[in-house]
Amino acid sequence: MIREQEQGANALPLNNILAGDCIEIMNSLPAGSVDLIFADPPYNLQLRGDLHRPDNSKVDAVDNDWDQFSSFKAYDDFTREWMAAARRLLKPNGAIWVIGSYHNVFRMGAELQNQGFWILNDVVWRKSNPMPNFRGKRLTNAHETLIWASKQEASKYTFNYEALKALNEGVQMRSDWVLPICTGHERLKDEAGDKAHPTQKPESLLHRVLLGTTNPGDVILDPFFGTGTTGAVAKMLGREFIGIEREEAYRKVAKKRIDAVRKFDKEALQVSQSKRAEPRVAFGVLVERGLLRPGEELVSINGRHTAKVRADGSIVGRDMKGSIHQVGAHMEGAPSCNGWTYWHFKRDGQTVPIDLLRQQIRAEMREQ
């Protein structure tokens, strides 16, 4: 179960919806305590009058009080204040995602850079089922823009490249995402049967963001929580969340929604990782462990070269001695070489890559 809390919590209020002004609440939370912020702030749509369909029915547009600002300056002041509060909360290696339309995303991008955030990517969410432009005076607004930025240029932010690649059928994930808007069973309704929130984001969008840029156990803050899409996906993916929402009606819907979410099991939360993210294993460890013996012969992947293992984890071949990488590069006359995939050993008449032994040790390390 999640609980509503009033602002001013002394400890980090994980998996809770905080009621009140997002700037005040963020400033009351411990500095440097959050791994990722996902922000879907008011768009400041500047609507002028009602919008009607060709059949004269009224479009349920965003005309709520929370999206009304007296001027661009007022909106910019608001943006500057909440971003400053958000940056204070991020850990040194933390990052932020903001999403918006053409009305506000450029203003947010400029302010991110003004405050020292380092922009990593802008992502176009291309809606596969956008609402048409009923007046026929402009292009159909078929996309929104997300900006992903680290807290600072030197931040070692999380990026699960291999996981996103796996999500995209083995192809590198691009910066244009084709996903549908909320419709059907995913669209939340209030007690009267109307849309619970006019700009509810699809869970597929947050799934991609959180899978790609956070890890299980990370803390994600959403200062404009709405009906809780960020919290629902965070819970499913084994992340911690903090939501801030001033509108009671939205908090009520979000709480009910997240209470009903089932967290994925531990095995299901494991994602594809690059080899660089795995524990480092030195070649000498294979010798220490007796997986390879001093004097044992290694063979190159192309079968043209051989080298012998030495007791200190170096190898010697022909007129060169050094690491598995150095000797391999020398043998091939190349500037560099991945010795783990270049060198093989023989067992029971079979030629086996030494990387298989490294993976065996890594598996043991993960089990400890």
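- As annotated in an unreviewed UniProt entry, the protein carries the name Methyltransferase and is attributed to Marivivens niveibacter.
- UniProt lists a comment for the protein under the heading Catalytic activity (unreviewed entry), and it reads "a 2'-deoxyadenosine in DNA + S-adenosyl-L-methionine = an N(6)-methyl-2'-deoxyadenosine in DNA + S-adenosyl-L-homocysteine + H(+)".
- Entered under Sequence similarities (unreviewed entry) in the UniProt record, the comment concerning the protein runs "Belongs to the N(4)/N(6)-methyltransferase family."

1. Details of the pairing of strand E6 (residues 143–150)
Point 1. Of all eight residues making up E6, seven are buried, and the element is well covered by its neighbours.
Point 2. The pairing of strand E4 (residues 90–100) with E6 spans six bridges and is classified as antiparallel. Following the sheet pairing, Ile99 is matched in E6 by Leu146.
Point 3. Pairing geometry for strand E5 (residues 118–127) and E6, over eight bridges, is antiparallel. Considered in E6, the bridge of Arg126 is made with His143.

2. A few points about the packing of aromatic side chains
Point 1. Under the defined criterion, the tally for this structure stands at eleven aromatic pairs.
Point 2. Relative to Phe224, the ring of Trp82 lies with its centre 5.3 Å away and its plane at 85 degrees, an arrangement referred to as edge-to-face. Taken as a pair, Trp82 in helix H2 (residues 72–89) and Phe224 in the loop between strand E8 (219–222) and helix H6 (229–236) lie far apart in primary sequence, 142 residues in all.
Point 3. Assessed through its relative accessible area of 0%, Trp82 is described here as buried.
Point 4. Taken together, a centroid distance of 6.0 Å and an interplanar angle of 40 degrees make the contact between Trp97 and Trp177 tilted. Taken together, the residues Trp97 in strand E4 and Trp177 in strand E7 (residues 176–179) connect sequence positions 80 residues apart.
Point 5. Its relative accessible area of 2% is what places Trp97 among the buried residues.
Point 6. Aromatic ring contacts, followed pair by pair, group Trp97, Trp148, Tyr157, Phe159, Tyr161 and Trp177 into a single cluster.
Point 7. Positioned over the ring face of Trp125 is Lys127, at 5.1 Å from the centre of the ring.
Point 8. One Lys or Arg, Arg208, reaches over the ring of Trp177 and ends 5.2 Å from the middle of that ring.

3. Here's the deal with the nonpolar core
Point 1. If you look at the biggest cluster of nonpolar residues, it comprises 31 residues, and the most contacted ones within it are Trp97, Leu146, Trp177, Leu205, Val209 and Leu210.
Point 2. For this core, the secondary structure elements donating two or more residues are strand E3 (34–39), E4, E5, E6, E7, helix H5 (203–213), H6 and helix H7 (248–259).
Point 3. Contacts of Leu205, omitting those with residues within four sequence positions, involve Ile99, Trp125, Leu146, Trp177 and Leu179.
Point 4. Membership of the second largest hydrophobic core comes to 29 residues, among which are Leu29, Ala86, Ala149 and Ile242.

4. Let's talk about unusual backbone geometry
Point 1. Despite not being glycine, Asn15 shows a phi value in the positive range, around 55 degrees.
Point 2. Positionally, Asn15 belongs in the loop between strand E1 (4–6) and strand E2 (16–19).
Point 3. Residue Asn15 is classed as partly exposed on the basis of its relative accessible area, which comes to 26%.
Point 4. Notably, Arg318 is not glycine yet its phi reads approximately 50 degrees, a positive angle.
Point 5. Within the fold, Arg318 resides in the loop between strand E12 (315–317) and strand E13 (320–322).
Point 6. Among the residues examined, Arg318 registers a relative accessible area of 61% and is labelled exposed.

The rules behind these values
Residues numbered from 1 in each chain as written. Predicted model: local features only at pLDDT ≥ 70, side-chain atom pairs only at ≥ 80, totals over all residues. Heavy atoms only, no water. UniProt positions renumbered as here; feature names shortened; annotations may be inferred. Buried < 20%, exposed > 50% of the residue type's maximum accessible area, 1.4 Å probe, protein only. Helix = DSSP H or I, 4+ residues; strand = E, 2+ residues; numbered from the N terminus. Pairing = 2+ DSSP bridges. Phe/Tyr/Trp six-rings, centres within 6.5 Å; stacked < 30°, edge-to-face > 60°. Lys NZ or Arg CZ within 6 Å of the ring centre and 35° of its normal. Core = buried A, V, L, I, M, F, W, Y, C linked by side-chain atoms within 4.5 Å. Contact = heavy atoms within 4.5 Å.

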